[in-house]
Amino acid sequence: MIWSRDKLSANKDLKITSVVTYMASFSNSCGVCDLRHTNKPSIVWCTECDEGLCKECQEHHSLSKGTKNHKTLAITEYMNLPDDQIGEDISSKDYILNSLVQDENLKNHSLEFKINTALQNIISDIKNFGDIHFEARPCDIVLSRKKNKQAQIMVPVVPSRSIESIKLNKIKTIQIEGDINFGCCMLPDGRMVFTYCQELAVIVFSNKGLKDFEVKMPCSVFDIVYISVDNTLAVTSGGSIEQCIIIIDLEKKEIKKTISLNSNIYGIALKDNQLIYSSEEKGIRLINLNDESIIGIVRDTMPQYCYIAALGNKIYHTNCFSDTVTCYNQQGISQWTFLNKSILRSPCGIDVDIDGNVYVAGVNSKNVVVISRMDNAIEKYLVQMMV
């Protein structure tokens, strides 16, 4: 579409709030996942890439050599930016279009030819007066819409992993102190974190298995999860009298805050800057880290020692007493349950990869089981014995 100067001038006074509203609504989904035709909510906004990122893409973004130094904001913080600040950012990117208007390069031009009456007598004798050649040359300035720009971002295509291609190999063995270690997690830089129930501590190890530092806790601890938005750890109190979730600042190596609850807290997972945890008395619950509001997802009474994993709109939950792994949707409705005591006994630790393959550690069966589900039934499972 070609706009004349008059049309652009008539629209240049449009209120910037309408653009801000569009950006706010667009930032709710992960820009990279949108290109892969996958709808995932964004948890952070990259001010340099100018797009939102989900948990998985944010971790890749923070480790990539080209983007690890980009400044990101929590999506809630971005949504709360004042309109004038966003407006200034939009206006600064409008420089090329405005310069075209000021230089009158977008005015409509027309070419009109009128024949001289003196030539009318000889028209019948002359077949033509010459040739007109029109040459189109590429312009050095390219105007592109935001969506078109995003569509041109080169994103490496990672093929989905089928269960047949999964092979679990032991990478290393870490010698750790203590007898009871209920929870562990990996940090983006390769370090590992373990909870020490009896020692009332959380210990961070280097990627070589050497002790980095230790944070003493006010109570016994159970499970742990990493929060990338503010580089913290969330630790549950298990069956401790305190009944809380403790947030640890990894940079300062100290406790940042304690969220007091009214039930025993065991397994925990992160989803969209919200913590999903298994409560012995309350079921599966979700707590918002911004205002600490709590929502019940599954209201059934859960036993002790249940673990949680989450991906997309699915929540995966283990029950070591019934030897089951259950998948729920965000509304708390059971989608499927895996039960095979000949394969998996006393399931505890659980995680899920980006392709939806569920990894479960069986305590009594002494193995790791990978469960792959397709359509409306569990299609396959893979058993990997732990060495």
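Our structure is the block above this text.
Just so it is clear, the structure is predicted and the values come from calculations on it, not from any experiment. (Residues numbered from 1 in each chain as written. Predicted model: local features only at pLDDT ≥ 70, side-chain atom pairs only at ≥ 80, totals over all residues. Heavy atoms only, no water.)

Enquirer: Kindly report on the overall build of the chain, identifying the contributing residues and their values.
Expert: Across its full length, the chain holds 8 helices and 23 strands. Expressed as a percentage of its 387 residues, the buried residues of the chain come to 41%. At a minimum sequence separation of 6, the contacts of the chain that also span at least 24 residues come to 41%. As displayed, the chain offers around 23,600 Å² of accessible surface, 51% of which is attributable to carbon and sulfur atoms. (Helix = DSSP H or I, 4+ residues; strand = E, 2+ residues; numbered from the N terminus. Buried < 20%, exposed > 50% of the residue type's maximum accessible area, 1.4 Å probe, protein only. Contact = heavy atoms within 4.5 Å. Areas by Shrake-Rupley, 256 points an atom, 1.4 Å probe, with all protein chains shown as cover.)

Enquirer: Can you lay out the pairing of strand E21 (residues 358-362) for me, pointing to particular residues and giving the numbers?
Expert: Extensive coverage of E21 is indicated by the burial of 4 of its 5 residues. Here strand E20 (residues 347-352) runs beside E21; their pairing, made up of 4 bridges, is antiparallel. By the bridge assignment, Ile-350 is partnered in E21 with Val-360. The hairpin turn running from E20 into E21, its antiparallel successor, is 5 residues long, and Gly-356 in that turn takes a positive phi close to 85°. (Pairing = 2+ DSSP bridges.)

Enquirer: Let's hear about the sheet that holds strand E16 (residues 308-311): which residues, and what values?
Expert: If you trace the 4 strands from one edge of the open sheet to the other, you get E16-E17-E18-E19, paired in antiparallel fashion. Across the chains shown, the open sheet's two edge strands, defined by having one partner strand only, are E16 and strand E19 (334-339). Averaged over neighbouring strand pairs, the angle between their axes works out to 15° when direction is ignored. In terms of strand pairing, E16 meets strand E17 (residues 314-319) through 4 bridges, oriented antiparallel. Following the sheet pairing, Ala-309 is matched in E17 by Tyr-316. (Axes fitted to C-alpha atoms, helices over the stretch in contact; angles between N-to-C directions.)

Enquirer: Residues and numbers for the pairing of strand E12 (residues 265-271), please.
Expert: The buried fraction of E12 is high, at 7 of 7 residues. Pairing analysis gives 5 bridges linking E12 to strand E13 (residues 274-279), with the strands arranged antiparallel. Along E13, the bridge assignment pairs Ile-268 with Tyr-277. Hairpin connection, E12 to E13: the antiparallel pair is bridged by 2 residues, and Asp-272 has positive phi, about 55°.

Enquirer: Go over the nonpolar core, please, and point to the residues and values.
Expert: Judged by nonpolar contacts, the single largest core of 20 residues is most densely connected at Tyr-316, Val-325, Trp-336, Ile-350, Val-358, Val-360 and Ile-371. Listing elements by their share of this core, those giving two or more residues are E16, strand E18 (324-329), E19, E20, E21 and strand E22 (367-374). Broken down by element, the residue count for this core peaks at 3 residues, all from E20. Contacts of Ile-350, omitting those with residues within four sequence positions, involve Tyr-307, Ile-308, Ala-309, Tyr-316, His-317, Thr-318, Val-325, Val-358, Tyr-359 and Val-360. Val-193, Val-204, Met-217 and Ile-224 belong to the second largest nonpolar core, which has 18 residues in total. (Core = buried A, V, L, I, M, F, W, Y, C linked by side-chain atoms within 4.5 Å.)

Enquirer: Let's hear about the pattern of salt bridges: which residues, and what values?
Expert: This structure, assessed with the given rule, holds 8 salt bridges. Glu-214 is the salt-bridge partner of Lys-211, the closest N and O atoms lying 2.8 Å from each other. By relative accessible area, Glu-214 is classed as partly exposed at 31%. Between Asp-272 and Lys-271 there is a salt bridge, with the nearest N and O atoms lying 3.0 Å from each other. Judged by relative accessible area, Asp-272 falls into the partly exposed class, the value being 25%. Residue Lys-271 is classed as buried on the basis of its relative accessible area of 12%. Salt bridges here are not isolated pairs; linked through shared partners, they connect Asp-189, Arg-191 and Asp-212. (Salt bridge = Lys/Arg side-chain N within 4 Å of Asp/Glu carboxyl O.)

Enquirer: How would you explain the sheet that holds strand E9 (residues 232-236) if you had to name every residue and give the values?
Expert: Read from one edge of the open sheet, 4 strands run E8-E9-E10-E11, paired in antiparallel fashion. The strands lining the two open edges of the sheet, one partner per strand, are strand E8 (224-227) and strand E11 (254-260). In this sheet, neighbouring strand axes are inclined to one another by 25° on average, regardless of whether the strands run parallel or antiparallel. Both strand E10 (residues 244-249) and E11 contribute to a ladder of 6 bridges, which runs antiparallel. Paired with Asp-249 across the two strands is Glu-254, which belongs to E11.

Enquirer: Go over helix H4 (residues 55-63) with me, naming the residues and quoting the values.
Expert: All of the buried residues along H4 are Cys-57, Gln-58 and His-61. Along the axis of H4, the buried positions cluster into a sector of 100°, meaning they face one direction only. Away from its buried face, by an angle of more than 90 degrees, H4 presents the exposed residues His-60 and Leu-63. Close packing links the buried residues of H4 with helix H3 (31-35), strand E1 (44-46), strand E2 (51-53) and strand E3 (72-74). (Arc of directions from axis to C-beta.)

Enquirer: Tell me about the packing of aromatic side chains, and please be specific about residues and values.
Expert: Under the criterion given, the structure shown has 9 aromatic pairs. Ring centres of Phe-182 and Tyr-305 lie 5.9 Å apart, and the angle between their planes is 25°; this geometry places the pair in the stacked category. Residue Phe-182 is found in the loop between helix H8 (146-151) and strand E4 (184-186), and its partner Tyr-305 is found in the loop between strand E15 (294-298) and E16; the two are separated by 123 residues along the sequence. Seen from their ring centres, Phe-222 and Tyr-305 are 6.1 Å apart, and the 35° between their planes marks the pair as tilted. With Phe-222 in the loop between strand E7 (211-216) and E8 and Tyr-305 in the loop between E15 and E16, this pair connects stretches of sequence that are 83 residues apart. Note on Phe-222: relative accessible area 2%, which makes it buried. For Tyr-305, a relative accessible area of 31% gives the class partly exposed. Through a chain of ring-to-ring contacts, three or more aromatic side chains come together here, namely Phe-182, Phe-222, Tyr-266, Tyr-305 and Tyr-307. (Phe/Tyr/Trp six-rings, centres within 6.5 Å; stacked < 30°, edge-to-face > 60°.)

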